[in-house]
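Next come the chains, spelled out residue by residue.
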Amino acid sequence: MELHGDNAIPLEMAVERWLDDCTARNLKPQTIKKYREIARELKAKWSSLIIASLKVDDVRRLREGWDYSPMTMRKRLELVRSFFSFCIASGWLQSNPAKLLKPPKVWPVPTLPYSEDEWRNILTAIDMYGEIYTQSPARIRRQLKALMLLIRYSGLRISDSVSLKRDSIDSKGRVLIYTQKTGKPVQIPLPRHVLNALKACDEGDSYFFWSGFGNLKTALTEWQERMQKVMKIAGISGRGVAHRLRDTFSVDMLNAGVPLELVAAALGNSVRIVEKHYAPWVKSRQDALESAIKAAWV
């Protein structure tokens, strides 16, 4: 497609240049997939337009056509803003037509760690898994137990756990990974019973829970489905099993008085994110609140 001056850049070309830039930045495949999804929508909506012709109301109408949850809409709007920011940096636009749109209000869902009783029920359910799902191979049952213990006592994301290599655990029983989200190294010591569970499913392959071949996403889905079956046996409703195991790890540390910045480092998150989701569980803050209230009694 031929260009006709900086103010006549076709949207379709701008979108392709944006995607080329994303690829050149070596973004993760999951991130590029999200960019491509929004790029297809932009081209379907405005393929016949030039970038300079787009106004705030055009983006507003685009958003009005979305039928997503508030959080998903917020994230999609961020991607649209990112596209227009790229266009501004390229000299194709003077201002960002998506910047003036206010994102949807998102009410955060409280973090819900598993209680001690729930965790005991989960452990019992793991042991009962083979009795109920008799077609499940013994190897899978051993891996399932090790995987759930690993997430519970390391706080790793399920994607990092399923793709964990055997040589990521050193001689001192510490797991070293580069977290999917931040790319920063994280080293977490594991309890002896977790190390024993991992050893029990060691068959000499490169990975604990994945063959290393095919699509990792498929493996993640399979393990999530198995963990959901464990929850059903345990009598615990709701999804997001792996995330709640991770929450339990995080809250345990905060209840023990571990500083926010150390919890954030263990989770591979920023302090701001950890504080946002786990503020009610920060022991030092709760202790200070109780002291202030008691002091007011006098």
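Cut-offs used in this document
Residues numbered from 1 in each chain as written. Predicted model: local features only at pLDDT ≥ 70, side-chain atom pairs only at ≥ 80, totals over all residues. Heavy atoms only, no water. Helix = DSSP H or I, 4+ residues; strand = E, 2+ residues; numbered from the N terminus. Buried < 20%, exposed > 50% of the residue type's maximum accessible area, 1.4 Å probe, protein only. Contact = heavy atoms within 4.5 Å. Lys, Arg positive; Asp, Glu negative; His and termini not counted. Charge placed at Lys NZ, Arg CZ, Asp CG, Glu CD. Axes fitted to C-alpha atoms, helices over the stretch in contact; angles between N-to-C directions. Parallel < 35°, antiparallel > 145°, perpendicular 65-115°, else oblique. Nonpolar A, V, L, I, M, F, W, Y, C, P; charged D, E, K, R; others polar. Core = buried A, V, L, I, M, F, W, Y, C linked by side-chain atoms within 4.5 Å. Disulfide = S-S within 2.5 Å. Salt bridge = Lys/Arg side-chain N within 4 Å of Asp/Glu carboxyl O. Phe/Tyr/Trp six-rings, centres within 6.5 Å; stacked < 30°, edge-to-face > 60°. Lys NZ or Arg CZ within 6 Å of the ring centre and 35° of its normal. Patch = residues over 30% accessible without salt bridge, like charges linked within 9 Å, V, L, I, M, F, W, Y side chains within 5 Å. Areas by Shrake-Rupley, 256 points an atom, 1.4 Å probe, with all protein chains shown as cover. pLDDT = per-residue confidence, 0-100.

S.K.: What should I look at first to understand the overall build of the protein chain in this one?
M.R.: In terms of regular secondary structure, the protein chain is built from 13 helices and two strands. Considered along the principal axes of its C-alpha atoms, the protein chain spans approximately 65 × 65 × 35 Å. Relative to its 298 residues, the protein chain shows a buried fraction of 40%. Put simply, 63% of the contacts in the protein chain that link residues at least 6 apart link residues at least 24 apart. Counting 47 positive and 32 negative side-chain charges, the protein chain places the averaged centre of each group 1 Å from the other.

S.K.: Any chance you could explain the packing of helix H11 (residues 260-267) against helix H12 (residues 271-278) here in plain terms?
M.R.: The description of two helices packed together rests on the angle between their axes and the distance between the axes. The interhelical angle for the contact between H11 and H12, taken along N-to-C directions, is 105 degrees, at an axis separation of 8 Å. Taken together, the axes of H11 and H12 are roughly perpendicular relative to one another. Contact with H11, carried on its side by Leu260, Glu261, Val263, Ala264 and Leu267, involves Val271, Val274, Glu275 and Tyr278 of H12 and no other residues of that element. Taken together, the residues of the contact of H11 with H12 sort by class into seven nonpolar, no polar and two charged.

S.K.: Teacher, can you tell me more about the nonpolar core here?
M.R.: As a rule of thumb, nonpolar side chains are buried together in soluble globular proteins. By size, the foremost hydrophobic cluster in this structure holds 57 residues, and its most contacted members are Ile122, Met148, Val162, Leu198, Phe209 and Val230. Considering every element that reaches this core, the biggest residue donor is helix H6 (residues 138-154), with eight residues. In this structure, valine 162 is in contact with Leu147, Phe209, Trp210, Leu216, Ala219, Leu220 and Trp223, ignoring residues within four places of it in sequence. Trp18, Leu42, Leu77 and Leu101 belong to the second largest nonpolar core, which has 29 residues in total.

S.K.: Explanation requested: the state of the cysteines in the structure shown.
M.R.: Disulfides are covalent bonds that connect the sulfur atoms of two cysteines. Tallying each qualifying case throughout the model produces zero disulfides. In this model cysteine 22 remains outside any disulfide bridge; the closest cysteine sulfur is found in cysteine 87, 11 Å from its own.

S.K.: How should I be thinking about unusual backbone geometry in this particular structure?
M.R.: Even without a glycine there, the phi angle at asparagine 26 is positive, about 60 degrees. Looking at where asparagine 26 falls in the secondary structure, it is placed in the loop between helix H1 (11-24) and helix H2 (29-46).

S.K.: Is there a simple way to think about the pattern of salt bridges in this case?
M.R.: Following the criterion strictly, the structure yields 14 salt bridges and no others. The shortest N-O distance in the salt bridge between glutamate 41 and arginine 76 comes to 2.3 Å. Of the two residues, glutamate 41 is situated in helix H2 and arginine 76 in helix H4 (residues 70-89); the sequence distance between them amounts to 35 residues. For arginine 166, the salt bridge identified is with aspartate 202, shortest N-O distance 3.4 Å. Taken together, the positions of arginine 166 in the loop between helix H7 (158-162) and strand E1 (174-178) and aspartate 202 in the loop between helix H8 (192-200) and helix H9 (216-234) put the pair 36 residues apart, joining distant regions of the chain.

S.K.: What am I meant to see in the packing of aromatic side chains here?
M.R.: In this description, a pair of aromatic rings is defined by centroid distance and the angle of the planes. This model, assessed by the stated rule, comprises ten aromatic pairs. Ring geometry for tyrosine 129 versus tyrosine 133: centroids 4.9 Å apart, planes at 35 degrees, classification tilted. One exposure class covers both tyrosine 129 and tyrosine 133, and it is buried. Here the aromatic residues Trp18, Tyr35, Trp46, Phe83 and Phe84 are joined through ring pairs into a cluster of three or more. Here lysine 229 stacks its cationic end above the ring of tyrosine 133, 4.8 Å away from the centre of that ring.

S.K.: I tried to follow the environment of glutamine 135 on my own but got confused; where do I start?
M.R.: Examined against the element boundaries, glutamine 135 turns out to sit in the loop between helix H5 (116-132) and H6. Its relative accessible area of 58% is what places glutamine 135 among the exposed residues. Placed 95 residues apart in sequence, glutamine 135 and valine 230 show a C-alpha to C-alpha distance of 15 Å.

S.K.: Honestly, a positive patch on the surface in this entry has me stumped. Any pointers?
M.R.: Judged by side-chain charge, Lys33, Arg36, Arg40 and Lys217 come together as a positively charged surface patch. Top element by residues in the positive patch is H2. It accounts for three residues.

S.K.: For this particular structure, what's the right way to read the packing of H6 against H9?
M.R.: The geometry of H6 relative to H9 is characterised by a closest axis approach of 11 Å and an angle of 85 degrees between their N-to-C directions. In terms of axis orientation, H6 runs roughly perpendicular to H9. Taken together, the residues of H9 that come into contact with H6 (itself represented by Ile140, Gln143, Leu144, Leu147 and Met148) are Trp223, Arg226, Met227, Val230 and Met231. Across the contact of H6 with H9, the residue classes tally to eight nonpolar, one polar and one charged.

S.K.: Would you explain the confidence of the model for the protein chain in this entry?
M.R.: Caution is warranted with low-pLDDT regions, since their predicted coordinates should not be read in detail. Mean pLDDT for the protein chain: 88, with 94% of residues reaching 70 or above. Note on residues 1-5: pLDDT is under 50 here. Beyond four places in sequence and across chains, it has six contacts.

S.K.: Just to check I follow, could you spell out a nonpolar patch on the surface for this structure?
M.R.: There is a patch of nonpolar side chains on the surface, built from Leu289, Ile293 and Trp297 and spanning about 360 Å² of accessible area. Looking at where tryptophan 297 falls in the secondary structure, it is placed in the segment after helix H13 (283-296). We classify tryptophan 297 as exposed; its relative accessible area is 64%.

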